[in-house]
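Notes for the structure review
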Amino acid sequence: MAAELGGGAFLSSFINALFDTLSNDEFVNWIRGKKLDQNLLGRLKNILNVVEAVLSDAEKKQITEDAVKRWLNDLQDAVYDADTCWMNDSLSKLLEACDNLQHARTLLNINAGTGHDSSQKIDPCRLLAQLKRVRVLSFEFFPLDDNSWPDPIGDLIHLRYLDLSDTPIVTLPESMSNLYNLQTLKLRKCRGLKKLPSKMQDLVNLRHLDITATNLEEMPKGMSKLKKLQMLSDYIVGKHEENGIGELGELVNLQGSFRIEKLENVADSSEAWKARMVDKKYITHLRLSWSLYEESEVCDSHTEKDVLEKLRPHKDLKELSIWGYRGTMFPDWVGPSSYHNMTELHLRECRNCWVLPSLGQLPSLEKLFIEDFDKVKKIDESFYKGDGTHQHQETPFRSLKYLTIQKLPCWEEWESYECDDDDDAPFPKLEWLGILNCPKLRGDLPTFLPSLEQLNIRGCEEIACYLPRAPTMRELRIDGNQEARMRELPLSVLEKVEINGEQLVNSPFEAMTHTQPTSCWIFFSPL
């Protein structure tokens, strides 16, 4: 480990990986099951924080001081053991080892808080040649000499953790398929990277693959062979069966956040069904994305709807995003109350859709974003209740706190929801409402929003409506050439009013608050 910038670089990354291990549910449950002292976890994390802090100084000294080299080697062995030793009832032993290493820094005269020279370039060939037995390697943010990796990386057969995030690499060597012990590969924000090695399927022990914010054109073939994958940030659908969406079918252990991109490459619903999204019960956040298309492109609306129907996720999903969907209507699974854990929903750039799905019966939905629906002209009662009736239905949007509707260029009317009394009115918990860039909207907004605190209307030039009764509203922002009638607005509690960018704090209403008028006209004109 005598290479320049070697020890500290990958040890720091190793410690970050260890922190992840110490925080995961499996590890915590194991501690509880063994009835071990959970204070050991806290002690270990504190020690690792100190150890990590001294790595930069140790990294510089290792080049000239043999004692520091030996310390870094011992530290690597001890920290690496943390990834596996807890399975062998050795947590206390690990703690003692790390504790001793922490105190050893005093004897070696290693100081904490010294940063490395980030301007110094790294020669990958020189470094890899000296790290034959390395298990963790990180070059995150490091200024590499070249934008490609040399073949010697394939010789690091003991490597389990490799982080190349935020580096300028554009190609990865095919020899990476030799890293059969590799469990974690991080390529986050490698924006020049357009493809992965063609034999990625040989990395059969891979559990974590992060390709967030890369520019991959498609996935390599045979990803279905990586059956141990638990975290896969993105899957970019290819045009061929061997790298199509069907490859996802065997990846049943995926968990956390997951994005599927380039769904326009799915030819029919039978392919979509092979992905078995409904069986992936550990995914909590899902994004389904189609690429932007030209208006001249012809889309089969029936096929598009059928594909989305077959991508139905499991019922415990917490967050869903649908971007660029090309159908004219959504399938029935988008919105039913059976998605009882869903708290956040994003519907964006669905330019062919002429009607919004029924979303009002999602019991836990707290945040809703609707954007870029070019053909929607009306939001009617189906938005609140799918069958248009009130029978056996709960209060619509009963948990919603944040609603943004923007860039609906043809939207003209928001039909009111009829109910017998205020207790049954929709949006009982709505705190923030934004209506932005909907130039043709004319009709009234929801009449009663008992929890509303902020109202933002912008780019709705034709609106001339009653504002909602909102006894708790604190902030009102209105921009553009528009006219709004305030009905029973609580002028005395307004803390901030912003009209066309000019902030007013109660001053225009102070005279009114003495008489408490039930309504007044406020006109807004462009600057």
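Bear in mind that the values here come from a model prediction, so they are computed numbers and not experimental data.

Some points on the sheet that holds strand 1 (residues 136–138)
Pairing in this open sheet of five strands is parallel, and the strands run 1-2-3-4-5 from one edge to the other. Among the strands making up the open sheet, the edge pair consists of strand 1 and strand 5 (231–232). Looking at chain direction, strand 4 (residues 208–210) and strand 5 are connected through two bridges and run parallel. Residue pairing across strands places leucine 209 opposite leucine 232, the latter belonging to strand 5.

So, the nonpolar core
Ranked by size, the top nonpolar core spans 105 residues in total, and within it Ile322 and Trp414 carry the most contacts. The residues touching tryptophan 414, leaving out its near neighbours within four places in the chain, are Ile379, Tyr384, Leu403, Ile405, Phe427, Leu433, Ile435, Leu441, Asp444, Leu445 and Pro446.

A short note on the pattern of salt bridges
Applying the stated criterion to the full structure yields 14 salt bridges. Taking the shortest distance from any N to any O, the salt bridge between glutamate 250 and lysine 227 comes out at 3.4 Å. Of this pair, glutamate 250 sits in the loop between strand 6 (234–236) and strand 7 (256–261) while lysine 227 sits in the loop between strand 4 and strand 5, and the two are 23 residues apart along the sequence. The residue arginine 351 makes a salt bridge to aspartate 374 at a minimum N-O spacing of 3.4 Å. In this pair, arginine 351 is assigned in the loop between strand 10 (344–348) and strand 11 (367–371) and aspartate 374 in the loop between strand 11 and strand 12 (378–379), connecting sequence segments 23 residues apart. On the basis of relative accessibility, which here comes to 28%, the residue arginine 351 falls in the partly exposed class. Judged by relative accessible area, which is 24%, aspartate 374 ranks as partly exposed.

Quick notes on the packing of aromatic side chains
The tally for this structure, following the rule as stated, stands at 14 aromatic pairs. Considering the side-chain rings of tryptophan 290 and tyrosine 325, the 5.6 Å spacing of their centres and the 65° angle between planes classify their relative orientation as edge-to-face. Taken as a pair, tryptophan 290 in the loop between strand 8 (283–289) and helix 9 (301–310) and tyrosine 325 in the loop between strand 9 (319–323) and strand 10 lie far apart in primary sequence, 35 residues in all. Since its relative accessible area comes to 3%, tryptophan 290 is described here as buried. Note on phenylalanine 383 and tyrosine 384: the rings are 5.7 Å apart at their centroids and 70° apart in plane angle, and the pair reads as edge-to-face.

So, unusual backbone geometry
Positive phi is not limited to glycine here, since aspartate 166 has a value of about 60°. Note on placement: aspartate 166 falls in the loop between strand 2 (161–163) and strand 3 (184–186). Phi is positive for arginine 276, close to 55°, though the residue is something other than glycine. Tracing the chain through its elements places arginine 276 in the loop between helix 8 (269–274) and strand 8. What makes arginine 276 partly exposed here is its relative accessible area of 34%.

Some details on the side chain of serine 177
Positionally, serine 177 belongs in the loop between strand 2 and strand 3. In terms of polar contacts, serine 177 uses its side chain to reach the backbone carbonyl oxygen of glutamate 174, at 3.0 Å. Setting aside residues up to four positions removed in sequence, serine 177 forms contacts with Lys199, Asp202 and Leu203.

Overview of the confidence of the model for the chain
In the predicted model, the chain carries a mean pLDDT of 78, and the fraction of residues at 70 or more is 64%. A low-confidence stretch, residues 100–116 (pLDDT under 50), is modelled with 41 contacts involving residues beyond four sequence positions or located in other chains. Here residues 506–527 is modelled with pLDDT under 50, and outside its nearest four sequence neighbours on either side it reaches 46 contacts, counting other chains as well.

Here's the deal with the side chain of threonine 404
In this structure, threonine 404 sits in strand 13 (residues 402–406). With residues up to four places along the chain from it excluded, the contact list for threonine 404 reads Leu368, Phe369, Ile370, Trp432, Gly434 and Leu436.

A look at a negative patch on the surface
A grouping of Glu217, Glu218, Glu241 and Glu242 is seen on the molecular surface, where their side chains present a negatively charged patch. Tracing the backbone shows glutamate 218 in the loop between strand 4 and strand 5.

Brief notes about helix 9
Within the span of helix 9, buried status applies to Glu304, Val307 and Leu308. Each buried residue of helix 9 sits inside an arc of 95° when the element is viewed along its axis, so together they form one side. Those residues of helix 9 that are buried are in contact with helix 8, strand 8 and strand 9. Its side-chain oxygen at 3.1 Å from the backbone nitrogen of histidine 302, aspartate 300 defines the N-terminal cap of helix 9.

Comments concerning the environment of glutamate 218
Among the residues examined, glutamate 218 registers a relative accessible area of 33% and is labelled partly exposed. Ignoring any residue separated from it by four or fewer positions in sequence, one finds glutamate 218 in contact with Ile236, Gly238, Lys239 and Asn243. For glutamate 218, the side chain forms a polar contact with the side chain of asparagine 243, separated by 3.2 Å.

Some thoughts on the environment of leucine 286
If you trace the backbone, leucine 286 turns up in strand 8. In the structure, leucine 286 is positioned 30 residues away from glycine 256 in sequence and 8.5 Å away in space, judged by C-alpha atoms. Ignoring any residue separated from it by four or fewer positions in sequence, one finds leucine 286 in contact with Phe258, Met277, Pro313, Leu317, Glu319, Leu320 and Ser321.

Description of the pairing of strand 18 (residues 475–479)
Sheet topology note: the strand 16 (residues 454–458)/strand 18 ladder contains five bridges and is parallel. Bridge assignment links arginine 458 to a residue of strand 18, and that residue is aspartate 479. Here strand 18 runs beside strand 20 (residues 496–499); their pairing, made up of four bridges, is parallel. Residue pairing in the sheet places isoleucine 478 in a bridge with isoleucine 499 of strand 20.

Details of the environment of lysine 305
Checked against the element boundaries, lysine 305 lands in helix 9. What makes lysine 305 partly exposed here is its relative accessible area of 32%. Sequence separation between lysine 305 and phenylalanine 330 is 25 residues, and the spatial gap between their C-alpha atoms is 6.3 Å. Ignoring sequence-local partners within four residues, the contact set of lysine 305 consists of Tyr325, Met329, Phe330 and Pro331.

Definitions and limits used
- Each chain has its residues counted from 1, running along the sequence as written.
- Only residues with pLDDT of at least 70 get local features here, since the model is predicted, and only at 80 or more are side-chain atom pairs given and counted; chain-wide, interface and lining totals rely on the full set of residues.
- To obtain the side-chain values, all non-hydrogen atoms of the structure were included, while hydrogens and water were left out.
- The rule for pairing is simple: two strands pair if DSSP sees at least two bridges between them.
- Helix numbering and strand numbering both begin at the N terminus, where a helix is a DSSP run of H or I of at least 4 residues and a strand a DSSP run of E of at least 2.
- The term nonpolar core refers to a set of buried residues drawn from Ala, Val, Leu, Ile, Met, Phe, Trp, Tyr and Cys, joined through side-chain atoms within 4.5 Å.
- Between buried and exposed lies partly exposed: a residue is buried under 20% and exposed over 50% of the maximum accessible area for its type, with that area taken using a 1.4 Å probe on protein chains only.
- Here a residue-residue contact requires only that any non-hydrogen atoms of the pair lie within 4.5 Å.
- When a carboxyl oxygen of Asp or Glu lies within 4 Å of a side-chain nitrogen of Lys or Arg, that pair is called a salt bridge.
- Note on ring pairs: Phe, Tyr and Trp rings are taken, using the six-membered ring of Trp, and paired if centres are within 6.5 Å. Classes follow the plane angle, with under 30 degrees stacked, over 60 edge-to-face and the rest tilted.
- Any N or O atom pair separated by 3.5 Å or less is treated as a polar contact, with the protein-specific requirement of one donor-capable and one acceptor-capable atom, and with residues adjacent in sequence counted only for side-chain atom pairs.
- Here pLDDT means the predictor's own confidence in every residue, given as a number from 0 to 100.
- Within this analysis, patches are made of residues with over 30% relative accessible area and no salt bridge. Like charges are joined at 9 Å or less; nonpolar side chains (Val, Leu, Ile, Met, Phe, Trp, Tyr) at 5 Å or less.
- Computed with a 1.4 Å probe, the accessible areas rest on the Shrake-Rupley method; for each residue, only the protein chains presented here act as cover.
- In this charge count, Lys and Arg are treated as positive and Asp and Glu as negative; neither His nor the chain ends contribute.
- Every charge is mapped to an atom, namely NZ of Lys, CZ of Arg, CG of Asp or CD of Glu.
- This arc describes the spread of directions from the helix axis toward the C-beta atoms.

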